[in-house]
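# Fold and geometry: a report
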Amino acid sequence: MKRKVSLRVNGEEREGWAEDRMLLVHFLRDELNLTGTHIGCDTGHCGACTVLLDGKSVKSCMVLAVQAQGRKVETIEGLEREGKLHPLQEAFREHHGLQCGYCTPGMILSSLYLLRHNPSPSEEEIRRAISGNLCRCTGYVNIVKAVRAASERMATRVEAPSTEETG
Amino acid sequence: MSAARTSPRSVAVPAPAEGTGWVGKSIPTKESVRFTTGHGSYLDDVKLEGTAHIALVHSPYAHARIRSIDVKEASAMPGVLAVYTGEDIRKLVDPFMQLAPPPADKVLDYPLAVEKVRFVGEPVAVVVARDRYLAADAAEMVQVDYDVLPPVMDAESAASPSAPILHEAIGTNRVWDGVYEYGDVDGAFAQADLVIQEKFHYHRFNSAPLELNAALASFDRRTGELTLYTNNVMPMFCMPLVASSLRLPSDRIRVIVPDVGGSFGNKINSFPYMVLVSVLSMQLGRPVKWTELRSEFLAAGTHGNERTFQIEAAVRKDGTLLGLRGEAFDDTGAYARYEPAGAVIWAQVAFSMYRHKNLRLHFHSVFTNKCPVGPNRGYSRAQHLFLYERIMDRIADRLGLDRGEVRERNFVRADEMPYQAPNGTVLDGGDYARALHRVQEMLDLPSLRAQQKALRARGRYLGVGIAAALDSAGNNFAQVRVINPHLPFSGNSESARVWMDMMGRVHVAMGPTNQGQGHETMASQIVAHELGLNPEDVHALPGFDSHSHPYTGHSGAYASRTAVMGGGALLGAARELRRRIQVIAAHLLKTAPEDILLEKGEARSRRTGNALPLSVIGGVALGNSLELPLDMDTNLSVTYVYRPPFRIPSHVDKKGNFTLTYSYQVHGAVVEVDPETGKVHLRRYVAVDDCGNMINPAIVEGQVIGAAVHGIEAALLCEAKYGADGQLLASSFTDYLCATSLDVPPVEVEHFITPSTAGPMGVRGVGEGGGTALPALAAAVEDALSPFGVTFQDSHLTPERIQSAMRGRAPTVPSPP
Ligand code: FES
Ligand code: FES
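Scope of this entry: the structure provided in the associated data block. All values derive from a computational prediction rather than experimental measurement.

Turning next to empty space enclosed by the protein. All names here are of chain B. Following the criterion strictly, the structure yields ten cavities of 30 Å³ or more and no others. Considering only enclosed or pocket space, the second largest cavity measures out at about 150 Å³ in volume. Lining the second largest cavity are 22 residues, and of these Tyr202, Phe205, Asn376, Arg377 and Ala382 sit closest to its centre. Mapped by element, the contributors of at least two residues to the lining of the second largest cavity are α11 (381–399) and α18 (697–716). Looking at the lining of the second largest cavity, the element that brings in the most residues is α18, giving four residues. For the lining of the second largest cavity, the per-class residue count stands at seven nonpolar, 13 polar and two charged.

Before going further, it helps to examine the sheet that holds strand β15 (residues 321–333) of chain B. Residue and element names in this part refer to chain B. With mixed pairing, the five strands of this open sheet are ordered in space as β8-β16-β15-β14-β9. Bordering the open sheet on either side are β8 (174–182) and β9 (194–202), each of which pairs with just one other strand. Recorded for the sheet is a direction-independent mean angle of 10 degrees between the axes of neighbouring strands. Relative to β15, strand β14 (residues 306–315) runs antiparallel, the two being bridged by ten bridges. Among the inter-strand pairings, threonine 308 is bridged to a residue of β15, identified as phenylalanine 329. Packing of α11 onto the sheet brings it into contact with β9, β14, β15 and β16 (358–367), and relative to β9 it is tilted by some 140 degrees.

Residues and elements named next belong to chain B. This model, assessed by the stated rule, comprises 74 salt bridges over all chains. Here aspartate 393 and arginine 403 are joined by a salt bridge, their closest N and O atoms 3.7 Å apart. Of this pair, aspartate 393 sits in helix α11 while arginine 403 sits in helix α12 (residues 403–410), placing them ten residues apart in sequence. With relative accessibility at 0%, the residue aspartate 393 sits in the buried group.

Residues and elements named next belong to chain B. Arg403, Gly404, Val406, Arg407 and Asn410 are the residues of α12 that are buried. For α12, the buried positions fall inside an angular range of 160 degrees around the axis, keeping them on one side. Its buried side turned inward, α12 meets β15, α11, α13 (432–443), β19 (461–475) and α19 (773–784). Its side-chain oxygen 2.9 Å from the backbone nitrogen of glycine 404, aspartate 402 forms the N-cap of α12.

The interface of chain A with chain B comprises 49 residues on the first partner and 55 residues on the second. Between chain A and chain B, the buried area comes to about 4,300 Å², and carbon and sulfur atoms account for 56% of it. Our count for the contact surface shared by chain A and chain B stands at six salt bridges. Residue Asp137(B) is joined to Arg21(A) by a salt bridge in which the shortest nitrogen-to-oxygen separation is 2.6 Å. Taken together, the links from chain A to chain B amount to 27 residue pairs in polar contact (both at pLDDT 80 or more). Elements with a contribution of two residues or more to the side of chain A that touches chain B: α1 (24–31), α2 (87–94), α3 (104–117), α4 (123–129) and α5 (141–156) of chain A.

Parameters at a glance
- Residues numbered from 1 in each chain as written.
- Chains lettered and ligands numbered in written order.
- Predicted model: local features only at pLDDT ≥ 70, side-chain atom pairs only at ≥ 80, totals over all residues.
- Heavy atoms only, no water.
- 1 Å grid on protein atoms, 1.4 Å probe; cavity = no way out; pocket = protein on both sides within 12 Å on 5 of 7 lines; lining within 4 Å.
- Points joined across faces, edges and corners; volume = space filled by probe spheres on them.
- Helix = DSSP H or I, 4+ residues; strand = E, 2+ residues; numbered from the N terminus.
- Nonpolar A, V, L, I, M, F, W, Y, C, P; charged D, E, K, R; others polar.
- Pairing = 2+ DSSP bridges.
- Axes fitted to C-alpha atoms, helices over the stretch in contact; angles between N-to-C directions.
- Contact = heavy atoms within 4.5 Å.
- Salt bridge = Lys/Arg side-chain N within 4 Å of Asp/Glu carboxyl O.
- Buried < 20%, exposed > 50% of the residue type's maximum accessible area, 1.4 Å probe, protein only.
- Arc of directions from axis to C-beta.
- Polar contact = N/O pair within 3.5 Å; in protein donor to acceptor, adjacent residues only side chain to side chain.
- Buried area = accessible area lost by both parts, 1.4 Å probe.

Below is the structure:
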């Protein structure tokens, strides 16, 4: 039986229908058409589906849509502000921190979670923070560089408030 | 971390003929805007109204006869639209064409198993349902009754006449076998001071792109046209297979490849699934989508070729390799879906980067009860290059020489380039010894040796390994005629279209799909470079669509070919468009075409300085054309096909130029091995790469690092391992281990730039040099454990394998510094 799920996504009230067993990642992609959140495995290992749920980074393939009822979700689609890329998005671009781009949304959200809690992480801390996100293309070198560059950039700018705060 | 270094014979990227010098610049990729904002469009992001989803029923056995399949219960499940078995599908499609010569050409291969299953995970039935959850529910209810047969789990035993046969129709497990013989092999062995005998095994793995295979077919009964969305990266090469299997004329099939989330060769063998969703869509009259599960990818996607070598090397006591002879067994799995191409592709690097002249290899491609193999980064060459590097190490160790010196003694020298190897392949430039020296310098070898000695005294084992390899690109398809002279393939080509519209805007499209190599960016750079524009002002069509992109039968993103083949096509098209623009501008500016310079979006007379914006040229040519003489060509759309000058190799002597260009790389690894646990800690990893001129150095560096990490994880982590009963022991990322950010150190890269003497713009292909890591790590682990006197024959260095090699051994004399 399907039930209505209402939640706040990227600062906007959204609702859709989900069976109890529907994964949050499928709900986001198929019900809300937010296809920036990707799927790369069946076991919660790859991190392609990472989103922030009430500000915490989670693998949205390990959460049921109904569990997100009434909660706040941030996805990659919510990072741009008035047509301007978020510093993490800018840095991934400038440092060639992506190739196929399939891991990128999950990587950026894991990195965003890190930088909100640790604004100037060391290389080791960055590597640990993204260790639940597989990138099959880049060998991680430029991803680490990009996160570091973003942290520097964000230290000199005030990060746009998170969607949950604006929403 | 990286710096471009210029080798003595190197020159910088040649100055552009016109314009602004965009070739050679590390600009951020155009694709990265949509990829960082979540607006990429990958296959599963494509949504069509009324789409049905499929779930596959897989074989739990490696080898079994299908007695019966009961779909009754499944068909009655909610949301189920239809259930098809292999028998049902067999009636609707034709089997796939086989590349092998007789008798293996008689193998019957369908999208679903018919009569028998031949590997664990082989699909036997398919459920089509309203959504993926309902399809998966119903797939569980399909009852299959099997008669289990003994499986054949390694190539050598599969080749023996007493082995159980996978494909009874052909009466043998051999896909192909043949002897490659170059030079005077027996003469070389007669002169040898030393003959080394070895057996090496290159294990099974794949590079596991993060996006899984997927396909979406939509058959329009009204028009009779099938639109097939796929993330196959060689779609137009697969098209004859797909069309003939579906019994549809190719003009009824439109192929669309959106953004692709990585492939590394693994997304070429997906054509059985493309046919499956297509035939289901034709049957049901609605769109049908398949998105692969990771477990399906690991069991039934593509594995890289698993190869065993039994080899002898003839060596002079100064370390010169005189000749190699032996057998190679390629375990191709249960079906030959790209094979036996691998039985000849290795010959692109038959002699690796070494000068020796004599080689005899009896190559066997054999069916086993495992997942079918197919291209994986470094396809069929990485295996052969692994053999060479390990042989070089063995030569040095047996003769008490330095491993680096032995390589240097045997390398083709810079002053011999371009160098023709005894099988006719031509190495197109480079300085291999210098790259080796640079890696030794980067590692600071003397200080590493001192550290190694000091640590050993404290019971810690540090080791260093260096290996070299080639990355061949722009293959001559005619090489498959060595294995089957009747195959209708030869040469290589790529197509690009560059056109200007009425507003003077420039567009570009080409044949290769885009799976992360930044093709839109590199195409824009080349076109901008030639037409005096900014890459941002060139509109590159994303992805691939057979209705809007030009292509040839060779088109696709495989074998490191796009910079070379696509580059040649883009250059040809852009230059011809430039010429046409010059002619029109010259008429309007009353000057000669040669006097026209294209710069900053204008066509300018060098002589008078008078200029016209491209919008005027486009407007006049396409909308105001009576301003031009009637006999002047106003077609501003140029399609150009680039075609390297190959010949058809002889299938008798198996000689010919099998590929156009050869990048090379030298990799160095520093490891510490725990002798108790067998765990390898990778401390440092460096690489020198030379792919000639670089169109976008940042993209190149990304390819080099990414490939190196695939090699590192292949050596230390991932293996598609099977048990003796034929069960796959790696069914998810829990047991198929890919490198995380914590498993690999920051790979350090330097570039040499020796322009290719063969490729357009002096470029060579790049992206598959990662195979170098496997011999480099094997060498490093052996070096670390040299006090124990252990050697490794396998490319996969698990803690268990290392522990078992160490069992009962104590460190002997402290090894010399
Ligand atoms: S899809 Fe792989 S962790 Fe969620
Ligand atoms: S960029 Fe392809 S998986 Fe990370």
